[in-house]
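What the coordinates show
Okay, here's what each chain looks like letter by letter:
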Amino acid sequence: DVKVTQSSRYLVKRTGEKVFLECVQDMDHENMFWYRQDPGLGLRLIYFSYDVKMKEKGDIPEGYSVSREKKERFSLILESASTNQTSMYLCASSPGALGVEQYFGPGTRLTVT
Amino acid sequence: DQQVKQNSPSLSVQEGRISILNCDYTNSMFDYFLWYKKYPAEGPTFLISISSIKDKNEDGRFTVFLNKSAKHLSLHIVPSQPGDSAVYFCAATSGAQKLVFGQGTRLTINP
């Protein structure tokens, strides 16, 4: 079974703090994604990566950056957290050429106060 | 610009009856569609998919129908069970590996 893990289930940070969200997948997938989920807005893509050290902006990249130094790990960075970044953050991976189905981690509920 | 829309935020169905969740899309380049199910405090899990070359795909109690001319797909769950209570997301792709998700529909199955 594909397993996608996220470093924290719940996180509380203060405005202005730098926040790191880590995601690891164990299926040698090419693609990795970061989404945020907000009520009534569905899943919105923040950033994605097709390969190590490759990254592309999604629909809402402002205020975020990412890092993919190893194939299995994709990090989301909030350079200076703000209250409007309070959300559920979901990481996903997909095989790439072998399939588009994405496999999701359990999510991190981030609260910025 | 919402390319994938789920216009019903919530749906309530009696146990044993049919649940029908709907999804509309605007991008005619989409050629593969997926449904995901999400329980609270968990990540979405893949449920069923359909390619644009088909108009129906079935997997047990779950059937997805695709109407390309109307740019509409639906997920049928028969019979509905209490464990089906969750948020359902439809998603679409044009083969670019990136999925576009709808807003989600919260399905509640009543005993």
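Placed above this text is the structure.
Described in the following lines is the structure provided in the data block.

Reading the values: rules and limits
- Here the residue numbering is sequential within each chain, running from 1 through the sequence in written order.
- Chains carry letters and ligands carry numbers; both start at the beginning, A for chains and 1 for ligands, and go up in the order they are written.
- Given that this is a predicted model, residues contribute local features only at a pLDDT of at least 70 and side-chain atom pairs are listed and counted only at 80 or more, while totals for whole chains, interfaces and linings are drawn from all residues.
- Excluded from the side-chain calculation are hydrogens and water; included are all heavy atoms of the structure.
- Nonpolar cores are built from buried Ala, Val, Leu, Ile, Met, Phe, Trp, Tyr and Cys residues. Side-chain atoms within 4.5 Å join them into one set.
- Relative accessible area decides the class of each residue, using a 1.4 Å probe on protein chains only: under 20% of the type maximum gives buried, over 50% gives exposed, and in between gives partly exposed.
- Secondary structure elements follow DSSP: runs of H or I no shorter than four residues count as helices, runs of E no shorter than two count as strands, and numbering proceeds from the N terminus.
- We call two residues in contact whenever any of their non-hydrogen atoms come within 4.5 Å of each other.
- Throughout, a disulfide means two cysteine sulfur atoms within 2.5 Å of one another.
- Think of a polar contact as two N or O atoms within 3.5 Å of one another; within protein, one of them needs to be a possible hydrogen donor and the other a possible acceptor, and neighboring residues in sequence only count if both atoms come from side chains.
- Here, a strand pair is defined by DSSP locating no fewer than two bridges between the strands.
- The convention used is that axes are lines fitted to C-alpha atoms, helices contributing only their stretch in contact, and that angles between N-to-C directions extend from 0 to 180 degrees.
- Salt bridges are defined by distance alone: a side-chain nitrogen of Lys or Arg within 4 Å of a carboxyl oxygen of Asp or Glu.

1. Some words on the nonpolar core
Within soluble globular proteins, side chains that are nonpolar tend to cluster in buried spots. Counting 23 residues, the largest nonpolar core has Phe 33, Trp 35, Leu 73, Leu 75 and Tyr 88 of chain B as the members making the most contacts within it. Within the residue set of this core, elements represented by two or more residues are β3 (19-25), β4 (32-38), β5 (45-51), β7 (62-67), β8 (72-77), β9 (86-93) and β11 (105-110) of chain B. The element contributing the most residues to this core is β9 of chain B, with 4 residues. Leave out the neighbours within four places in its chain, and Phe 33 of chain B touches Tyr 25, Ile 48, Ser 49, Ile 50, Leu 66, Leu 73, Ala 91 and Ala 92 of chain B. Residues Val 19, Ile 46, Phe 74 and Val 112 of chain A belong to the second largest nonpolar core, which totals 20 residues.

2. Overview of the state of the cysteines
Note on terminology: disulfide describes a covalent bond linking the sulfur atoms of two cysteines. Under the definition given, this model contains 2 disulfides over all chains. The side chain of Cys 23 of chain A participates in a disulfide bridge whose partner is Cys 91 of chain A; the two sulfur atoms lie 1.9 Å from each other. Torsion about the S-S bond of the Cys 23 of chain A and Cys 91 of chain A cystine: about -80°, corresponding to left-handed handedness. With Cys 23 of chain A in strand β3 (residues 19-25) and Cys 91 of chain A in strand β9 (residues 87-94), the pair connects residues that are 68 residues apart, well separated along the chain. The disulfide partner of Cys 23 of chain B is Cys 90 of chain B, and the S-S distance across this bridge is 1.9 Å. As the torsion about the S-S bond is roughly 65°, the Cys 23 of chain B-Cys 90 of chain B disulfide counts as right-handed.

3. Some remarks on the environment of Thr 108 of chain A
All names here are of chain A. As for its position among the elements, Thr 108 is in strand β11 (residues 108-112). C-alpha separation for the pair Thr 108 and Leu 43, spaced 65 residues apart in sequence, amounts to 14 Å. In this view, Thr 108 contacts Gln 6, Ser 8, Arg 9, Leu 11, Leu 21, Ser 87, Met 88 and Tyr 89; residues no more than four positions away in its chain are not counted. In terms of polar contacts, Thr 108 uses its side chain to reach the side chain of Gln 6, at 3.4 Å.

4. A look at the sheet that holds strand β7 (residues 64-70) of chain A
Residue and element names in this part refer to chain A. Strand order across the open sheet formed by 4 strands is β1-β3-β8-β7, with antiparallel pairing between neighbours. Whereas interior strands pair on both sides, the edge strands pair on one side only; in this sheet they are β1 (4-6) and β7. Geometrically, the sheet is characterised by an average inter-axis angle of 20° between neighbouring strands, direction not taken into account. With 6 bridges connecting them, β3 and strand β8 (residues 73-78) associate as antiparallel partners. Its bridge partner lying in β8, Cys 23 is registered against Phe 74.

5. Quick notes on the pattern of salt bridges
Residues and elements named next belong to chain A. Summed over the entire model, instances satisfying the criterion amount to 10 salt bridges over all chains. Of the charged contacts, one joins Arg 44 and Asp 38 as a salt bridge, the two residues approaching to 2.9 Å between their closest N and O atoms. Look at Arg 44 and you get partly exposed, because its relative accessible area is 25%. Classification of Asp 38 as buried rests on a relative accessible area of 11%.

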